[in-house]
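# Fold and geometry: a report
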Amino acid sequence: MTTIYTNGQAIPLSARGSVTALGNFDGVHRGHAYLLETLKKQFPDRSLSVVTFEPHPRQLFESREISFRLTNADERNAALSALGVENIFQITFDQEFAALDAKNFIHQILYKSFGIFHVACGEGFVFGHNRQGNTDFLISEADKLGIGVTIVKPLQEEGTVISSSLIRSCLKNGNPEKAAHYLGRIWCIQNIVEHGDKRGRTIGFPTANLQLGEQVEPKCGVYAIKIRLANGRMHEGVANLGYRPTIGKQTRACLEAHLFDFNQDIYGQKITVYLYHFIRDEKRFSDLNELKKQIARDANNAKEFFKIKNDSVNSL
């Protein structure tokens, strides 16, 4: 079981002396898993920890509202837990912490507060006020305190570095399959089901509506999806992600998910929507009847996608 420590919490003796990876861990992708695996292989008898930040530092420094995250904090921490991380030291990244210099981050946070035995990070890790600290500085200062350091080269596949920005690019290009390949799992959106205008019911396709929130906006269009309900049950479906140009363009993208053979009330529930396959671009239709016909075609395409996918799995 993973324990999450936030600002102000005393770190018990059982959590001190760990081997610890540093980073934002947005997406907790295969590159992050490789970093953690490398550290765990070095020190198999030490507890595995992570030092990370919430909110993501980019959210503090960007002057305009942005949506870019692959995972929110809960999803990130759950993914880290699944990789065997025992302790998550989640630092609140605010103006006060951003003003902390690189030396004090090592001496006061890593050494004094968390009692870390050994740290690992990627080659490009920078930290401290104005990003003044780099890996060379980390090695030098940590050595003075008896903290070991491992710098891990990024995981590459066919010359491509697996990174959060690469996965965001895959999603923005409408390629959730490639994003899933680099993530090591299907990318998802998790949020509360909101009340919409219920127009979908009038054309025979009721939808569960979710806002993207702080998460990255994938390419607008129609997707074959699966949904995990609050009770853990999975359902296949089809979803439109975008601005609803036929109904009246919205200012923020919304995901409208239609579940196959499903008629339960799930308003107010937190659900998880997994994007499996991009079907088509979002477009404007002349009227609701044309929209209804297209949604029926989209639903059939999604069903066919899952049928082929399930048949291929069952044939193995």
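Located above this text is the structure these notes cover.
Report follows, based on the coordinates.

About the cut-offs
- Residues numbered from 1 in each chain as written.
- Predicted model: local features only at pLDDT ≥ 70, side-chain atom pairs only at ≥ 80, totals over all residues.
- Heavy atoms only, no water.
- Helix = DSSP H or I, 4+ residues; strand = E, 2+ residues; numbered from the N terminus.
- Axes fitted to C-alpha atoms, helices over the stretch in contact; angles between N-to-C directions.
- Parallel < 35°, antiparallel > 145°, perpendicular 65-115°, else oblique.
- Left-handed = near helix turned anticlockwise from the far one by under 90°.
- Contact = heavy atoms within 4.5 Å.
- Nonpolar A, V, L, I, M, F, W, Y, C, P; charged D, E, K, R; others polar.
- 1 Å grid on protein atoms, 1.4 Å probe; cavity = no way out; pocket = protein on both sides within 12 Å on 5 of 7 lines; lining within 4 Å.
- Points joined across faces, edges and corners; volume = space filled by probe spheres on them.
- Expected span 1.5 Å × (residues − 1).
- Buried < 20%, exposed > 50% of the residue type's maximum accessible area, 1.4 Å probe, protein only.
- Phe/Tyr/Trp six-rings, centres within 6.5 Å; stacked < 30°, edge-to-face > 60°.
- Polar contact = N/O pair within 3.5 Å; in protein donor to acceptor, adjacent residues only side chain to side chain.

### Section: unusual backbone geometry
Looking along the chain, the bond that leaves E54 and enters P55 is cis, with omega of 0°. Among the structural elements, P55 can be located in the loop between β3 (48-54) and α2 (57-61). A positive phi angle, close to 45°, is found at V28, a residue other than glycine. Note that V28 resides in the loop between β2 (19-22) and α1 (30-42). For E158, which is not glycine, the phi dihedral falls at a positive 55°. With respect to the secondary-structure elements, E158 resides in the loop between β7 (156-157) and β8 (160-161).

### A few points about the packing of helix α5 (residues 102-113) against helix α6 (residues 135-144)
Across the interface, α5 lies against α6 with an axial gap of 10 Å and an inter-helix angle of 45°. It follows from the interaxial angle that α5 and α6 lie oblique. Handedness of the α5/α6 crossing: right-handed. Counted together, A102, K103, I106, H107 and L110 of α5 and F137, L138, E141 and A142 of α6 form the full contact between these two elements. Taken together, the residues of the contact of α5 with α6 sort by class into 6 nonpolar, 1 polar and 2 charged.

### Focus: empty space enclosed by the protein
On inspection of all chains with the given rule, the structure shows 2 cavities of 30 Å³ or more. If you add up the space inside the second largest cavity, you get close to 30 Å³. If you go around the second largest cavity, the residues you meet are N24, F25, D26, F53, H56, R69, T71 and R76. Here the residues of the lining of the second largest cavity are counted per class, giving 2 nonpolar, 3 polar and 3 charged.

### Section: the packing of helix α7 (residues 164-172) against helix α8 (residues 176-183)
At their nearest, the axes of α7 and α8 sit 7 Å apart, and the two run at 160° to each other. Classed by the angle they form, the pair α7 and α8 counts as roughly antiparallel. Read as a crossing pair, α7 and α8 show a hand that is left-handed. In this structure, α7 contributes L166, I167, C170 and L171 to the contact, and α8 contributes P176, K178, A179, Y182 and L183.

### Thoughts on α1
The end-to-end C-alpha separation of α1 is 18 Å, in line with the 18 Å expected for 13 residues at 1.5 Å each. Every buried residue of α1 is listed here: G31, H32, A33, L35, L36 and L39. On its buried face, α1 sits against β2, β3, α3 (73-82), β5 (118-122), β6 (148-152) and α7.

### A look at the packing of aromatic side chains
Per the stated rule, a full pass over the model turns up 15 aromatic pairs. Measuring from ring centre to ring centre gives 5.9 Å for F53 and F97, while their planes differ by 40°; the resulting arrangement is tilted. Here F53, found in strand β3, pairs with F97, found in helix α4 (residues 95-98); they are 44 residues apart in sequence, far enough to count as distant. In this structure F97 comes out as buried when scored by relative accessible area, which is 15%. With 5.2 Å between their ring centres and 70° between their planes, F305 and F306 make a pair best called edge-to-face. On the basis of relative accessible area, F306 is assigned to the buried category, the value being 1%. Linked through ring pairs, F53, F61, F93, F97, F105, F125, F127 and F137 together constitute an aromatic cluster.

### Some thoughts on the side chain of Q90
Along the polypeptide, Q90 turns up in strand β4 (residues 87-92). A distance of 3.1 Å separates a polar atom in the side chain of Q90 from a polar atom in the side chain of N77. For Q90, the contacting residues outside a window of four places in its chain are I4, Y5, T6, N7, T52, E54, A73, R76 and N77.

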